[in-house]
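# Coordinate inspection notes
The lines below spell out each chain.
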There are 2 protein chains.
Amino acid sequence: MSETALDLKQFIRDVPDFPRPGILFRDITPLLRHPQAFRQAIDQMAWRYRDAQVEVVAAAEARGFIFAAPLALELQAGFVPIRKPGKLPFDTHAFHYELEYGTDSLEVHIDGIEPGQRVLVVDDLLATGGTVEACCQLVQRCGAQVIGCAFLIALKGLGGLERVRRYRPWALIEYD
Amino acid sequence: MSETALDLKQFIRDVPDFPRPGILFRDITPLLRHPQAFRQAIDQMAWRYRDAQVEVVAAAEARGFIFAAPLALELQAGFVPIRKPGKLPFDTHAFHYELEYGTDSLEVHIDGIEPGQRVLVVDDLLATGGTVEACCQLVQRCGAQVIGCAFLIALKGLGGLERVRRYRPWALIEYD
């Protein structure tokens, strides 16, 4: 039985002026609620890393979890959540980073990732790259190795691909 | 080749006095970062609903996503995120509910779940049941049917199982 691949861009909804005027938001919820589209996205992302000996898949809350948890299972790797301050109950490493307005922080459990482990960092969307850079820094703070960063979507032209170039970014879907 | 099932409770870490003095927090991160334990948990949760004709798996951010996304894929169902206010870009139904101190809200896209669909609501942990009840109410607001609520962990004695009894709660792991 042959299966035709879906055009996943058909399942991304453009929402203008969200969260602020002038921003075109790429809404992934139509893809998530379509069983074949979501399955295809996970399978194609997992295929890209099938031989990369990934030991841990790490992702920041909340949308990152939607792709990272299934990818961890597909790759037979562990899943490690990276969270906003005050959410993780055990001792953490914290990383503070600049936003357009103000600063933000992310944390990971100090025993979440072991030194030397091969880690894939995952998120739904790469824009300016601030969040994923924070995640990669936290992985390195644990003494582990970022072998790549995988995204469902990359928005080219916002500088994210260049900013995290050293962490080998890759996206299933790209927008100019 | 036979495989011995793991005792998943061995992968839940007790953290006393988190997030407040007197609270014993059940930390699931050791389970998540152990590939076999996470796989077994998802397989056993999916097995429970294999014949339930689930069309949509819905979950509130953030930890709910970690179990709901893989379960949606296993059950060949769609995944619908339920989020805090201001996070979903399209038109939403909102549900406001009481917390111990103050109130909280959750939202779902108005086109996230179709009328009549069979929906499984998922979360990592059932305590007092406030969050899952809000999720179930939102599913019904869409005109859909909650066929059950599945949790990795249920804390008995906090009233959650009784509170959401009409939504048929079930947990893989129970604590008294």
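Summary of the structure given here. (Residues numbered from 1 in each chain as written. Chains lettered and ligands numbered in written order. Predicted model: local features only at pLDDT ≥ 70, side-chain atom pairs only at ≥ 80, totals over all residues. Heavy atoms only, no water.)

## Observations concerning the sheet that holds strand β7 (residues 118-126) of chain A
Residues and elements named next belong to chain A. Pairing is parallel in the open sheet, where five strands are placed in the order β4-β3-β7-β8-β9. In the strand order of this sheet, the two ends are held by β4 (78-82) and β9 (169-175), each with one partner. Direction aside, the axes of adjacent strands within the sheet are offset by 20° on average. Relative to β4, strand β3 (residues 56-60) runs parallel, the two being bridged by five bridges. Across the sheet, the residue bridging to Ala58 is Val80, located in β4. (Pairing = 2+ DSSP bridges. Helix = DSSP H or I, 4+ residues; strand = E, 2+ residues; numbered from the N terminus. Axes fitted to C-alpha atoms, helices over the stretch in contact; angles between N-to-C directions.)

## What about the packing of helix α3 (residues 63-74) of chain A against helix α3 (residues 63-74) of chain B?
Contact geometry of α3 of chain A with α3 of chain B gives a least axis separation of 8 Å together with a crossing angle of 60°. With respect to α3 of chain B, the element α3 of chain A is oriented oblique. Considering only the axes of α3 of chain A and α3 of chain B, their crossing is right-handed. Facing Phe65, Ile66, Ala69, Pro70 and Leu73 of chain A of α3 of chain A, the residues of α3 of chain B in contact are Phe65, Ile66, Ala69, Pro70 and Leu73 of chain B. Split by residue class, the contact of α3 of chain A with α3 of chain B holds 10 nonpolar, no polar and no charged. (Parallel < 35°, antiparallel > 145°, perpendicular 65-115°, else oblique. Left-handed = near helix turned anticlockwise from the far one by under 90°. Contact = heavy atoms within 4.5 Å. Nonpolar A, V, L, I, M, F, W, Y, C, P; charged D, E, K, R; others polar.)

## Focus: the interface of chain B and chain A
Taken together, the contacts link 35 residues of chain B with 36 residues of chain A. Taking both partners together, chain B and chain A bury about 3,100 Å²; carbon and sulfur atoms supply 66% of that area. There are four salt bridges connecting chain B and chain A. Of the charged contacts in the structure, one is a salt bridge between Arg33 of chain A and Asp111 of chain B, with a shortest N-O distance of 3.5 Å. Applying the counting rule to chain B against chain A returns eight residue pairs in polar contact (both at pLDDT 80 or more). At the level of secondary structure, the elements contributing two or more residues to the side of chain B that touches chain A comprise β1 (13-16), β2 (24-27), α1 (29-32), α2 (35-48), α3 and β4 (78-82) of chain B. Ranked by residues supplied to the side of chain B that touches chain A, first place goes to α3 of chain B with six residues. Taken together, the residues of the side of chain B that touches chain A sort by class into 20 nonpolar, six polar and nine charged. (Buried area = accessible area lost by both parts, 1.4 Å probe. Salt bridge = Lys/Arg side-chain N within 4 Å of Asp/Glu carboxyl O. Polar contact = N/O pair within 3.5 Å; in protein donor to acceptor, adjacent residues only side chain to side chain.)

## Brief notes about the sheet that holds strand β8 (residues 145-155) of chain B
All names here are of chain B. Read from one edge to the other, the open sheet built from five strands follows the order β4-β3-β7-β8-β9, with strand pairing classed as parallel. The open sheet has two edge strands, β4 and β9 (169-175), and neither has a second partner. Strand-to-strand twist in this sheet, taken as the mean axis angle between neighbours without regard to direction, amounts to 20°. Two elements, strand β3 (residues 56-60) and strand β7 (residues 118-126), share four bridges in a ladder whose sense is parallel. Pairing of Ala59 across the sheet is with Val122, part of β7.

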